[in-house]
Amino acid sequence: MDEESILFGLRNLFTLGNYQAVINEVSSQRGLYSPEAKVEAQTYLHRSYVAQAKYNLVINDVASDAEPPLRAVKLLASYLQAKKGLAATDSYVQEAQALLEEGANRLNALVQVLVATVYINDHQLEEALKVLHSREKKLECTALAVQVYLEMDRLDLARNEVSQCKIWGEDALLLQIMEAWVNLRVGGEKYQEGFYIFEELSQSGSAQTVKVLNGQAATQLSLGRYPEAEALLMEALAKNSDDADTLVNMIVCATLTSKTQDVIRRYVSQLREVAPLHPFLQELDLKSSLFDRAASRYALVESS
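These numbers come from a predicted model, not from an experiment.

Rules used throughout
Residues numbered from 1 in each chain as written. Predicted model: local features only at pLDDT ≥ 70, side-chain atom pairs only at ≥ 80, totals over all residues. Heavy atoms only, no water. Buried < 20%, exposed > 50% of the residue type's maximum accessible area, 1.4 Å probe, protein only. Helix = DSSP H or I, 4+ residues; strand = E, 2+ residues; numbered from the N terminus. Arc of directions from axis to C-beta. Contact = heavy atoms within 4.5 Å. Axes fitted to C-alpha atoms, helices over the stretch in contact; angles between N-to-C directions. Parallel < 35°, antiparallel > 145°, perpendicular 65-115°, else oblique. Nonpolar A, V, L, I, M, F, W, Y, C, P; charged D, E, K, R; others polar. Lys, Arg positive; Asp, Glu negative; His and termini not counted. Salt bridge = Lys/Arg side-chain N within 4 Å of Asp/Glu carboxyl O. Polar contact = N/O pair within 3.5 Å; in protein donor to acceptor, adjacent residues only side chain to side chain. Phe/Tyr/Trp six-rings, centres within 6.5 Å; stacked < 30°, edge-to-face > 60°. Lys NZ or Arg CZ within 6 Å of the ring centre and 35° of its normal. Left-handed = near helix turned anticlockwise from the far one by under 90°. Expected span 1.5 Å × (residues − 1).

1. Quick notes on helix α6 (residues 90-100)
Among the residues making up α6, those that are buried are Val 93, Ala 96, Gln 97, Leu 99 and Leu 100. An end-on view of α6 places all buried positions within 160° of arc, on one side of the element. Along α6, exposed side chains directed more than 90 degrees from the buried face belong to Asp 90 and Gln 94. The secondary structure elements touched by the buried residues of α6 are α5 (68-84), α7 (109-121) and α8 (125-131).

Next comes the structure, spelled out in structure tokens:
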């Protein structure tokens, strides 16, 4: 098997969220000879460890004089480790920007994606888009830009990115997933199209991942098929009971299916344990605070 075929397989496994398969493949792979191919494979290996929240492993494993993509993964791991421990993260953001500005790193797709990911986690979406500015024919950069646009409620720009990507992306796996993301935001008949995309992805044995199961569950929830969504989320929890996305979707599903408050509270408590700074929790706490404030005003009016 040639190097590009090997790397193509690694990229697809990572896209599907099959991180352990990436680790296993890279650890046993002997078909990569060029320095560029080895660096890309090692980058996906360490990104997979980051996705598994094994931050210290990456921090200790990657040398300070490693190739730029590997140093970028190390910075992301350091940032996420600090954030998890509620420590200061500003220095890591600054280091990530400095790394981006070294040599030709601003044009290196792997470095761009990793530095942009640091900015996204730091809630600096505009800065992330600046990092991704040069993304022509760079699939992962385009996918990350689509996610940012959706986060910013710029559905028009997200759809435009997908349309442009179709010109050169052909039937790339990540392009299909981008299309499913946009379909879920468009709604209506597009929900069904999103469902078909994730359903097709799930047919592969290597695609039975928490990430794909959550994609399927999100489309089922959007279509009002709550029992089917719940079954998929239970399967995802069986694979990883601490996955934040699964827990968020379980909270939504439990609410829509009128589960008891005790059940919903347990999922919320579990999410607080594994991802205390998750945007869903921040939004939930904000809305709870606003509701309590409004309720207190109403109570004052009533008591007078």
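We are not done yet, so read on.
2. Let's talk about the packing of helix α9 (residues 139-151) against helix α11 (residues 173-186)
Running from amino to carboxyl end, α9 crosses α11 at an angle of 10°, the nearest separation of the two axes being 10 Å. The pairing of α9 with α11 is recorded here as roughly parallel in orientation. Of the residues in α11, those touching α9 at Leu 139, Glu 140, Thr 142, Ala 143, Val 146, Gln 147 and Leu 150 are Leu 174, Met 178, Trp 181, Val 182 and Arg 185. For the contact of α9 with α11, a count of residues per class yields eight nonpolar, two polar and two charged.

3. Let's talk about the side chain of Asp 243
Within the fold, Asp 243 resides in the loop between α14 (226-239) and α15 (244-256). Here Asp 243 occupies a buried position and makes no salt bridge, while the nearest side chain of opposite charge, Lys 211, is found at 10 Å. Polar side-chain contacts of Asp 243 include one of 2.7 Å to the side chain of Thr 246.

4. Observations regarding the packing of aromatic side chains
Under the counting rule described, the total for this entry stands at three aromatic pairs. Measuring from ring centre to ring centre gives 5.8 Å for Phe 195 and Tyr 196, while their planes differ by 55°; the resulting arrangement is tilted. Its relative accessible area of 11% is what places Phe 195 among the buried residues. Ring pairs connect the aromatic residues Phe 14, Tyr 19 and Tyr 44, which therefore count as one cluster. The ring of Phe 195 has Arg 225 lying over it, and the distance from NZ or CZ to the ring centre is 5.0 Å.

5. Overview of unusual backbone geometry
The phi dihedral of Ala 53 falls on the positive side, at around 65°, and the residue is not glycine. When you line up the elements, Ala 53 lands in the loop between α3 (35-51) and α4 (55-61). We note that His 123 has phi near 65°; this positive angle belongs to a residue other than glycine. For His 123, a relative accessible area of 51% corresponds to the exposed category.

6. Details of the packing of α15 against helix α16 (residues 261-274)
Running from amino to carboxyl end, α15 crosses α16 at an angle of 160°, the nearest separation of the two axes being 9 Å. Our classification of the angle between α15 and α16 gives roughly antiparallel. Of the two elements, α15 crosses α16, and the hand of that crossing is left-handed. Of α16, the residues touching α15 (which contributes Ala 244, Leu 247, Val 248, Met 250, Ile 251, Ala 254 and Thr 255) are Ile 264, Tyr 267, Val 268, Gln 270, Leu 271 and Val 274. Of the residues in the contact of α15 with α16, the class split is 11 nonpolar, two polar and no charged.

7. What to know about helix α12 (residues 190-201)
Taking 1.5 Å per residue as the helical rise, α12 with its 12 residues ought to reach 16 Å, and the 17 Å between its terminal C-alpha atoms agrees with that figure. Turning to α12, its buried residues number three or more, namely Gly 194, Phe 195, Ile 197, Phe 198 and Leu 201. The buried residues of α12 occupy one face: seen down the axis, they fall within an arc of 160°. Seen from the buried face of α12, the exposed residues on the opposite side, beyond 90 degrees, are Tyr 196 and Glu 200. In this structure, the buried side of α12 is in contact with α1 (3-16), α11 and α13 (210-222).

8. As for the pattern of salt bridges
All chains considered together, the criterion is met by 15 salt bridges. Between Glu 102 and Arg 71 there is a salt bridge, with its nearest N and O atoms 3.0 Å apart. With Glu 102 in the loop between α6 and α7 and Arg 71 in helix α5, this pair connects stretches of sequence that are 31 residues apart. A relative accessible area of 21% places Arg 71 in the partly exposed class. Taken together, the salt bridges that share partners define one network made up of Glu 4, Arg 11 and Glu 40.

9. What about the environment of Thr 15?
By the secondary structure assignment, Thr 15 is in helix α1. For Thr 15, a relative accessible area of 11% corresponds to the buried category. C-alpha separation for the pair Thr 15 and Val 212, spaced 197 residues apart in sequence, amounts to 9.5 Å. In this structure Thr 15 touches Leu 173, Leu 174, Ile 177 and Lys 211, once residues within four positions along its chain are discounted.

10. A look at the side chain of Glu 40
Tracing the backbone through its elements, the reader meets Glu 40 in helix α3. Side-chain polar atoms of Glu 40 contact the side chain of Arg 11, separated by 2.7 Å. Residues contacting Glu 40, with those up to four places away along its chain left out, are Leu 7, Arg 11 and Leu 110.

Any link to function would need more than the numbers given here.
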